Amino acid sequence: MLRFSLYRMVVLLCVAIIFYTMYRWCQILFGRGEPDGGRRFQHTCNMTELYRHELERLFERVHRLLVQHGLTHFLCYGTLWGQIRMAKMLPWREKAEFCVLNEELMRHEEARFIRNFYASELQIHYLHSEGIYRIFAKESILLQAPPYVELVVFQLDEAQAMYKRIGWKRRLLPPHCDWTPSLECFPINLLQGALPKRPLGQLHYTVPMGGIELQKYHYPDNWWKDVKVRNCNLH
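These numbers were taken from a predicted model, which means no experiment stands behind them.

Let's shift gears to the pattern of salt bridges. Considering all chains together, one arrives at eleven salt bridges under this definition. Among the salt bridges present, the one from Glu130 reaches Arg165, with a minimum N-O distance of 3.5 Å. Here the residue Glu130 occupies a position in the loop between β3 (122–127) and β4 (132–137), and Arg165 occupies one in strand β6 (residues 162–165), the gap between them amounting to 35 residues. You can call Glu130 buried: its relative accessible area is 9%. For Glu184, the salt bridge is made with Arg165, and the minimal N-O distance between the two is 3.1 Å. Of the two residues, Glu184 is situated in the loop between α6 (168–171) and β7 (186–187) and Arg165 in strand β6; the sequence distance between them amounts to 19 residues. A residue is classified by how much of its surface remains accessible, and Glu184, at 5% relative accessible area, is buried. Since its relative accessible area comes to 6%, Arg165 is described here as buried. Put simply, Glu130, Arg165, Lys169, Arg170 and Glu184 are held in one network by salt bridges that share partners.

Here we come to the nonpolar core. In terms of nonpolar packing, the biggest core is built from 46 residues, with Phe59, Val62, Phe98, Phe113, Phe117 and Leu151 touching the most fellow members. Contributions of two or more residues to this core are made by α2 (49–68), β1 (73–75), α3 (77–86), β2 (95–101), α5 (110–119), β3, β4 and β5 (148–157). It is α2 that provides the largest number of residues to this core, a total of six residues. With near-sequence residues (within four places) excluded, Leu151 lies in contact with Val62, Leu66, Phe98, Val100, Phe113, Gly131, Ile132, Tyr133 and Ile135.

Moving on to the packing of aromatic side chains. Counted by the stated rule, this structure contains twelve aromatic pairs. Look at Phe98 and Tyr205: their rings are 5.9 Å apart centre to centre, the planes differ by 55 degrees, and that puts the pair in the tilted class. Placement of Phe98 in strand β2 and of Tyr205 in strand β9 (residues 203–206) is noted, with a sequence separation of 107 residues between them. Taken as a pair, Phe98 and Tyr205 share a single burial class, namely buried. Summarising the aromatic geometry, the rings of Tyr126 and Tyr133 are spaced 4.6 Å apart at their centres and angled 45 degrees between planes, so their arrangement reads as tilted. Overall, the relative accessible area of 23% leaves Tyr126 in the partly exposed class.

Thresholds applied
- Residues numbered from 1 in each chain as written.
- Predicted model: local features only at pLDDT ≥ 70, side-chain atom pairs only at ≥ 80, totals over all residues.
- Heavy atoms only, no water.
- Salt bridge = Lys/Arg side-chain N within 4 Å of Asp/Glu carboxyl O.
- Helix = DSSP H or I, 4+ residues; strand = E, 2+ residues; numbered from the N terminus.
- Buried < 20%, exposed > 50% of the residue type's maximum accessible area, 1.4 Å probe, protein only.
- Core = buried A, V, L, I, M, F, W, Y, C linked by side-chain atoms within 4.5 Å.
- Contact = heavy atoms within 4.5 Å.
- Phe/Tyr/Trp six-rings, centres within 6.5 Å; stacked < 30°, edge-to-face > 60°.

Next comes the structure, spelled out in structure tokens:
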């Protein structure tokens, strides 16, 4: 009969931790470990009109606060798809995104930055592993799974002339954009010059240069595809 001593149990536990760490490392390295499905862009159309209206109002409130702080912020990820495809929020999305620049955030005292959101009746917390600020409305009328806005933070890498995602889990990986897809890099020229503004709902928001160019970097496997979603009226 096999006896399990304390020593053997510790060894097995260490081996399991090592294998799990390697598995997660591979997920992150190849861009498949993102909480929202990474670069895949497939969802079902299951958000109500009330949900979308509340998301749009929250997005506008966050926009106005970022303007007050003088922070560059632009549409990206699924929110940029909404602007490109139909000039409003896609009807199946549970969140909206602004991309922001770390070098600008560093010029602000973080405690004061966060207090300003709380003073505006918004909840905000930072996900250190992902490099994301997640924002909710305190007075949301949707008690379960309310909409939220994410500020996705990018850092300029001057040596590569690229912007790349931050977050501690990415600091463990090779820093070169060509080797680490999960850095979600894009070239500096997409943010150079006076950035254009495009309609999204009732307001106009800043977008990166080149229209769809940013999506070619964040959705390299399917940016050219027109995603068909069942039971959705996209007009």
